[in-house]
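Chain by chain, the residues:
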Amino acid sequence: AQRVTQPEKLLSVFKGAPVELKCNYSYSGSPELFWYVQYSRQRLQLLLRHISRESIKGFTADLNKGETSFHLKKPFAQEEDSAMYYCALKAYSGAGSYQLTFGKGTKLSVIP
Amino acid sequence: DTGVSQDPRHKITKRGQNVTFRCDPISEHNRLYWYRQTLGQGPEFLTYFQNEAQLEKSRLLSDRFSAERPKGSFSTLEIQRTEQGDSAMYLCASSPRTGVVADTQYFGPGTRLTVL
């Protein structure tokens, strides 16, 4: 069965400092990984997906199949980055169906 | 707002009562998902529809849980004989099947259920 692990429940960094939110996964198939973000009082929204290889709001994430990781990084944290971040793995469950398996999330707090 | 909508946003019920939640996906999205989220956890997948067909329901938590999407548009999630352990946020998401953002799931605001 697939699994997503986010080892840090809470991460506090100072404004301007680099940020790295860790995500490790376990999956027997070819993985597709996502980062979702939830700002205060807002709905869960997609931040980025690994197949797009894009940078959103200064965040990047590289899929490392050898280390089964998909860490989220940003070189300089901003106060508006404070939010809950979830790593998610897309897994196929047959009959044309698939699901997202989420980690428990990491709360990022950027200190002014 | 043209995003995914859910109704009600909050529901308080007594143990043993039945509850039904509604989800209206983004209009052109043919895929619809239900998740449950409890405190301190990420969303947990429950079930998946492609149009009106429920292709995955093995993750529904018990036979007290059921979901429908009768015309391939809105969906309902029903919990019968609610228990205190059912208290959680219930999330709905939808995704298009094709296009640049195929399979990207867009989430609704959720329905928070409290069972007394």
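In the block above lies the structure referred to throughout.
The rules behind each value
Here, residues in each chain are numbered from 1, in the same order as that chain's written sequence. To read the labels, note that chains go from A and ligands from 1, taken in the order they are written. This being a predicted model, a pLDDT of at least 70 is required before a residue's local features are given, and a value of 80 or more before pairs of side-chain atoms are given or counted; all residues contribute to the totals for chains, interfaces and linings. Excluded from the side-chain calculations are hydrogens and water; all other atoms, namely the structure's heavy atoms, are used. Here a helix means four or more residues in a row that DSSP labels H or I, a strand means two or more in a row labelled E, and each is numbered from the N terminus. In what follows, residue pairs with any heavy atoms lying within 4.5 Å of each other are defined as contacts. Computed with a 1.4 Å rolling probe, the buried area is the accessible surface lost when two parts are put together, summed over both parts. Put simply, a salt bridge is a Lys or Arg side-chain nitrogen that is within 4 Å of an Asp or Glu carboxyl oxygen. Here a polar contact is taken to be a pair of N or O atoms separated by no more than 3.5 Å, where protein atoms must pair a possible hydrogen donor with a possible acceptor and residues adjacent in sequence count only if both atoms sit in side chains. Strand pairing follows a simple DSSP-based rule, namely that at least 2 bridges must link the two strands. Every angle, taken between N-to-C directions, lies between 0 and 180 degrees, and every axis is a line fitted to C-alpha atoms, over only the stretch in contact when it is a helix. Residue burial is assigned from relative accessible area. The probe radius is 1.4 Å, only protein chains are included, and a residue is buried under 20% of its type maximum, exposed over 50%, and partly exposed in between. Cavity and pocket criteria rest on a 1 Å grid covering protein atoms alone: a 1.4 Å probe that fits but cannot get out defines a cavity, protein on both sides within 12 Å along at least 5 of 7 lines defines an open pocket, and an atom within 4 Å of a point defines a lining residue. Grid points are joined across faces, edges and corners, and a volume is the space filled by probe spheres set on the points. Under the grouping applied here, Gly and all other residues not named as nonpolar or charged are polar, the nonpolar ones being Ala, Val, Leu, Ile, Met, Phe, Trp, Tyr, Cys and Pro and the charged ones Asp, Glu, Lys and Arg. Here, nonpolar core means buried Ala, Val, Leu, Ile, Met, Phe, Trp, Tyr and Cys residues that are tied together by side-chain atoms lying within 4.5 Å of each other.

Draft legend 1. View of the side chain of Gln99(A). Looking at the secondary structure, you find Gln99(A) in strand 10 (residues 97-102). Look past the residues within four positions of Gln99(A) in its chain and what remains in contact with it is Gln2(A), Leu89(A), Lys90(A), Ala91(A), Ser93(A), Phe45(B) and Arg59(B).

Draft legend 2. Looking closely at the interface of chain A and chain B. Listed as interface residues are 19 residues of chain A and, on the opposing side, 26 residues of chain B. For the pair chain A and chain B, the summed buried surface comes to about 1800 Å²; carbon and sulfur atoms form 45% of the total. The largest contributions to the chain A side of the interface with chain B come from Arg43(A), Tyr98(A) and Gln99(A), which together make up 34% of the buried area. Where chain A packs against chain B, one counts zero salt bridges. Our enumeration of links across chain A and chain B arrives at five residue pairs in polar contact (both at pLDDT 80 or more). For the side of chain A that touches chain B, the secondary structure elements donating two or more residues are strand 6 (45-49), strand 9 (83-94) and strand 10 of chain A.

Draft legend 3. Local environment of the sheet that holds strand 8 (residues 75-79) of chain B. All names here are of chain B. Judged by pairing direction, the sheet is antiparallel, and its four strands sit side by side in the order 1-3-8-7 without closing on themselves. Of all the strands in the sheet, the pair left with one neighbour each is strand 1 (5-7) and strand 7 (65-68). Averaged over all pairs of adjacent strands, the angle between their axes in this sheet comes to 15°, without regard to strand direction. Pairing analysis gives three bridges linking strand 1 to strand 3 (residues 19-24), with the strands arranged antiparallel.

Draft legend 4. Here's a closer look at the pairing of strand 9 (residues 88-95) of chain B. Residue and element names in this part refer to chain B. In terms of burial, strand 9 is a largely internal element, eight of the eight residues being buried. Here strand 9 shows a buried face lined by Ala-88, Tyr-90, Cys-92 and Ser-94 and a second buried face lined by Met-89, Leu-91, Ala-93 and Ser-95. In the sheet, strand 4 (residues 31-37) pairs with strand 9 via seven bridges, with the strands oriented antiparallel. Pairing of Tyr-33 across the sheet is with Ala-93, part of strand 9.

Draft legend 5. Up close: the layout of surface pockets. Within this model, the largest pocket holds a volume of roughly 790 Å³. Taken together, 28 residues line the largest pocket, and the ones lying closest to its centre are Gln38(A), Tyr86(A), Gln37(B), Met89(B) and Arg112(B). Class assignment for the residues of the lining of the largest pocket results in 10 nonpolar, 11 polar and seven charged. The space that makes up the second largest pocket amounts to roughly 460 Å³. Taken together, 21 residues make up the lining of the second largest pocket; nearest its centre are Val4(A), Thr101(A), Phe102(A), Gly103(A) and Pro43(B).

Draft legend 6. Quick peek at the nonpolar core. Counting residues in each nonpolar core, the largest one holds 24 residues, and the members touching the most others are Trp35(A), Leu47(A), Leu48(A), Phe70(A), Leu72(A) and Tyr85(A). Contributions of two or more residues to this core are made by strand 2 (10-14), strand 3 (19-21), strand 5 (32-38), strand 6, strand 9 and strand 11 (106-111) of chain A. It is strand 9 of chain A that provides the largest number of residues to this core, a total of four residues. The residues contacting Phe70(A), other than those within four sequence positions of it, are Cys23(A), Leu33(A), Phe34(A), Trp35(A), Leu48(A), Arg49(A), His50(A), Ala61(A), Asp62(A), Leu63(A) and Cys87(A). By size, the runner-up hydrophobic cluster in this structure holds 19 residues, among which are Cys23(B), Trp34(B), Leu46(B) and Ile79(B).

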